[in-house]
Each structure stands twice: as C-alpha cells, then as structure tokens.
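# Observations on the three-dimensional arrangement
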Amino acid sequence: MKIKATIVSENCVFHLPGAVAEHGLSIFMETERGNYLLDTGQGKAIVNNALVLGIDLRTIQGIIMSHHHFDHTGGLGPVLDLKGAVDVYAHPDFFKESYSTRGNAVRYIGVPYPRPLLEAKGATFKFSDEFRSIAPELWLTGEVPRRTDYELGDENLVVKSGEGYVKDDIRDDQSVVIETQKGLFVILGCCHSGIINTLSHIVEKMGQRHIHAVIGGTHLGPVSDEQREKSIAALKAFDIERLGVSHCTGLKTASRLAGEFGDRFFFCNVGTVVEA
Ligand SMILES: [Fe+2]
Ligand SMILES: [Fe+2]
C-alpha cells in the first residue's frame, strides 16, 4: 500500500515557521488503511507542530509506541485529549519504571503518566511482544532478538534491581514495517534493539530483502566508535534505497552515513515528508 510519513516531533526544525523542536520523536503515518501515529514526542511539540503541518490528529485510528521512554510517550496526554478513544499498541513492559544515570543524577525516564489516567483519557492498550500485523500490510516488529555481538545498548539507561540499578535491556523497543509497491518501508523509534538486529529481524520475518526506506531514530549516536563503524558496515550490506535519520542518530553518525550512503541519505526533521 501507499504510505506518507510526516515527522511531527523531532530534535531539529529548519525553515518551518511556527514549528518547534524538542528531544523526541513522533511520526504521522497516512496509509490506505488509515492514519496512525508512531510515538508522540515529549509532548511540548506535537499539537503545535500538527497544526503548523495541517495534520488533524483526531483522524488517527491507532497510536503505536516504539518503547516506553518519555521522549516518545510524553505526548500521549495531549494526543488523547484531542482524539479520545483510540487503540494504543505497545509491548507488555511499556509501564516499567526506568531511569537514566547520565551525569550525576538518577532521572526517571519512563512513561510520564499513570496507566489509569491514559485509559481515562481514552487509551485502550493492545500489548504484545510478537511480530504482528495491526492492519493489512502494516506490521510491528514486537521484541527484536539480539543477535549481533556489538549492539550493546546503553549502560546508563537502567532499571531498579534490589538496592541498586542494572542496565535496562529495553526489550519493549519495536519498529514499524509497511509493505509498499516499492519495497519495505521501515520506521524506527529509538531502535534501542540495534538497527542491524532490527533490520535482520524484519527481513527474516517479511521474507523480503528490498527495503525502500528506513527512517527514524537509529540510536547510533550514543555508541562507541567501534560499534558505530561495525553497524555502518553491516548496514551497507542491506538492500536499502533511502535512509532518513532522526533523533538519536547524532550529527557525527549522520555525517558518516551521509558519506557512506550518498544520495540515498537524508535528514528526517520536523516537517520532513517521506512517501512510497
Ligand atoms: Fe529511547
Ligand atoms: Fe528517544
């Protein structure tokens, strides 16, 4: 089917009067099977930017949560206030309490709303950790098997364990796959599972190699140089026609990817539209 994806919340905005940037991600998906929202940003940008972009958030028929972090879930409140009753697709770990230990402070970084409040605003949670179709030709990866030995996750993203903290493996991280005439269209949230693990899982599950587009957060920003280079080398082995990076990719990795992917590379910031 056809897809039109518009970035509504992202870390950067260029030449779009009235729009604002925030550390976060939200992508509005218009498909022949209806409109969906992947993530909601931190919540400061989504309603404003949707108005600027001419997007009516009341038309969504489902909200897909890539994972539980506040920079993807903070906009659930304002979106539900506009939309009312709607299905929200997420992993069963969605409401876990997790923290960042970056810097010297321990900071809560999970969903910034209690579940009953979101349900009172209209959310019906559809939890699954499986690779699943939520509409014809629209798939969610569910939990992504960790296969590479170099996509290691973040030591400073943690969950409580006894008296202390242990690394959060962020099993709830998932991505979106749309089948189009041009090939697979992959939308990443933060990709904490690792972009190579994620794309390998998608190619295997879909039984198709050709990926027309990969857009969204690659999580190749906050990684070691060794991991970045191994991931970029492995990424080049996939059959990817267009690569549009956002959010947790960072300028250093983005510039590396621009060099490697040439004309196939682009930025996905607030207002970018990608169609297939
Ligand atoms: Fe995240
Ligand atoms: Fe994120």
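Structure shown above.
Anyway, here's the lowdown on the structure attached to this text. These numbers come from a predicted model, not from an experiment. (Residues numbered from 1 in each chain as written. Chains lettered and ligands numbered in written order. Predicted model: local features only at pLDDT ≥ 70, side-chain atom pairs only at ≥ 80, totals over all residues.)

### Side note on the nonpolar core
Operational definition: Residues enter a nonpolar core if they are buried, belong to Ala, Val, Leu, Ile, Met, Phe, Trp, Tyr or Cys, and are joined to the set through C-beta atoms within 7 Å. With C-beta atoms placed from the backbone, a residue counts as buried when 20 or more other C-beta atoms lie within 10 Å of its own, as exposed when 12 or fewer do, and as partly exposed for counts between those limits. A run of DSSP states H or I qualifies as a helix once it reaches four residues; a run of E qualifies as a strand once it reaches two. Both are numbered from the N-terminal end. We call two residues in contact if the C-beta atoms placed from their backbones are at most 7 Å apart.
Residues Ile27, Ile64 and Val186 are the most contacted members of the largest nonpolar core, which totals 61 residues. In terms of residue count, the dominant contributor to this core is strand β14 (residues 183–188) (five residues). Setting aside residues up to four positions removed in sequence, Ile27 forms contacts with Ala5, Thr6, Ile7, Val8, Leu38, Asp39, Ile187 and Gly216.

### Re the environment of Gly62
Within the secondary structure layout, Gly62 lies in strand β4 (residues 60–64). A count of 20 C-beta atoms within 10 Å places Gly62 in the buried class. The spacing of Gly62 and Leu38 is 24 residues in sequence and 8.7 Å in space, taken between C-alpha atoms. Discounting chain neighbours no more than four positions away, the residues touching Gly62 are Tyr36, Val86, Asp87, Tyr89 and Ile134.

### Observations regarding the sheet that holds β14
Two orientations exist for strands paired in a sheet by backbone hydrogen bonds: parallel and antiparallel. Rules: In this description, strands pair whenever DSSP reports at least two bridges between them. Note on geometry: axes are lines fitted to C-alpha atoms, helical ones only across the stretch in contact, with angles between N-to-C directions running from 0 to 180 degrees.
Ordered by their spatial adjacency, seven strands build an open sheet running β9-β10-β13-β14-β15-β16-β17, and the pairing between neighbours is mixed. Single-partner strands in this sheet number two, and they are β9 (132–135) and β17 (265–267). Strand-to-strand twist across the sheet, computed as the mean angle between neighbouring axes with direction ignored, equals 20 degrees. With six bridges connecting them, strand β15 (residues 211–217) and strand β16 (residues 240–246) associate as parallel partners. What sits directly across from Ala213, in β16, is Arg242. Strands in contact with helix α5 (residues 195–206) are β13 (176–180) and β14; relative to β14, the strand with the most contacts, it is inclined by about 145 degrees.

### Re unusual backbone geometry
In most cases, non-glycine residues show a negative phi, while peptide bonds are predominantly trans. Positive phi values are uncommon outside glycine, yet Asp39 reaches one of about 65 degrees. In this structure, Asp39 sits in the loop between β3 (34–38) and α1 (46–53). Here the phi dihedral of Glu137 falls at roughly 70 degrees; this positive angle occurs in a residue that is not glycine. Topologically, Glu137 is positioned in the loop between β9 and β10 (138–140).

### Brief notes about the pairing of strand β11 (residues 157–161)
In this sheet, β11 lies alongside strand β6 (residues 99–100) in antiparallel orientation, the contact comprising two bridges. Of the residues in β11, the one forming a bridge with Ser100 is Leu157. As defined by bridge partners, β11 adjoins strand β12 (residues 164–167) across four bridges and the pair is classed as antiparallel. Bridge assignment links Val159 to a residue of β12, and that residue is Val166. The antiparallel hairpin formed by β11 and β12 contains two residues in its connecting segment, where Gly162 sits at a positive phi of about 60 degrees.

### Description of the pairing of β13
Both β10 and β13 contribute to a ladder of three bridges, which runs antiparallel. Among the inter-strand pairings, Leu138 is bridged to a residue of β13, identified as Ile178. Pairing geometry for β13 and β14, over five bridges, is antiparallel. Residue pairing across strands places Ile178 opposite Phe185, the latter belonging to β14.

By themselves these figures say nothing about function.
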